[in-house]
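Single-letter residue listing:
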Amino acid sequence: MSWGRSEGAEKLQEAAAEVAVSVAPLEEQWDQEKLEKKLYEYFWKGAKGMQFRGPLPKLVNEYADNVISTVFAALGDREWLLTGQADFLLCLDAGVKATFPPNIVKRMQQAEFEQLVLGAYDRAFDEQRFCPILSEAVPLVVSGPKIKKKVWN
């Protein structure tokens, strides 16, 4: 199920290209080539600094948080991102297979792995989309630092 380093890089490049092609008509600041290059970088570097210890679900969720938060940090002002017009699921799947040690990924059946990646992607993407909305809404209805902290936790 996992790929070698060069095959993984190639599959990730293909996934990034597919996303770039799909959102290029909506993207106003970067051309398709730059968008593809940046997406590839975000997903390739997403595992940098990760300690590959513990259960695979924990690791996939950590990787999803890393890459999706990077995507939102870089592209969070894009309407196409905030409205969910881009789907990075294939990038996340390819990124895990390309950057994780092969022995970790091989332990899981393909269908189970796909469900894991889908769940991690949906959660991380929704958190990144929701947090700015929450940070704007909370001060409108909640006052006091202790109560705000309780809402956030």
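The structure under discussion appears in the preceding block.
In short, a report on the structure. (Residues numbered from 1 in each chain as written. Predicted model: local features only at pLDDT ≥ 70, side-chain atom pairs only at ≥ 80, totals over all residues. Heavy atoms only, no water.)

### As for the packing of helix α2 (residues 32-44) against helix α3 (residues 56-75)
Where α2 contacts α3, the two axes come as close as 9 Å, and the packing angle between them is 145 degrees. In the crossing of α2 with α3, the sense of the turn from one axis to the other is right-handed. For the pair formed by α2 and α3, the contact residues are Leu 35, Leu 39, Tyr 42 and Phe 43 on the first element and Tyr 63, Val 67, Ile 68, Thr 70, Val 71, Ala 74 and Leu 75 on the second. Among the residues making up the contact of α2 with α3, the classes are represented as 10 nonpolar, 1 polar and no charged. (Axes fitted to C-alpha atoms, helices over the stretch in contact; angles between N-to-C directions. Helix = DSSP H or I, 4+ residues; strand = E, 2+ residues; numbered from the N terminus. Left-handed = near helix turned anticlockwise from the far one by under 90°. Contact = heavy atoms within 4.5 Å. Nonpolar A, V, L, I, M, F, W, Y, C, P; charged D, E, K, R; others polar.)

### Things to note about the packing of aromatic side chains
Any aromatic ring pair is given by two values, namely how distant the centres are and how the planes are angled relative to each other. Under the defined criterion, the tally for this structure stands at 6 aromatic pairs. Measuring from ring centre to ring centre gives 5.8 Å for Tyr 40 and Trp 44, while their planes differ by 10 degrees; the resulting arrangement is stacked. Placement of both Tyr 40 and Trp 44 in helix α2 is noted, with a separation of 4 residues, approximately one turn of the helix. An angle of 65 degrees between the planes, with centres 4.9 Å apart, marks the rings of Phe 52 and Phe 100 as edge-to-face. In this pair, Phe 52 is assigned in the loop between α2 and α3 and Phe 100 in the loop between α5 (89-99) and α6 (102-105), connecting sequence segments 48 residues apart. With a relative accessible area of 26%, Phe 52 lands in the partly exposed category. Note on Phe 100: relative accessible area 3%, which makes it buried. (Phe/Tyr/Trp six-rings, centres within 6.5 Å; stacked < 30°, edge-to-face > 60°. Buried < 20%, exposed > 50% of the residue type's maximum accessible area, 1.4 Å probe, protein only.)

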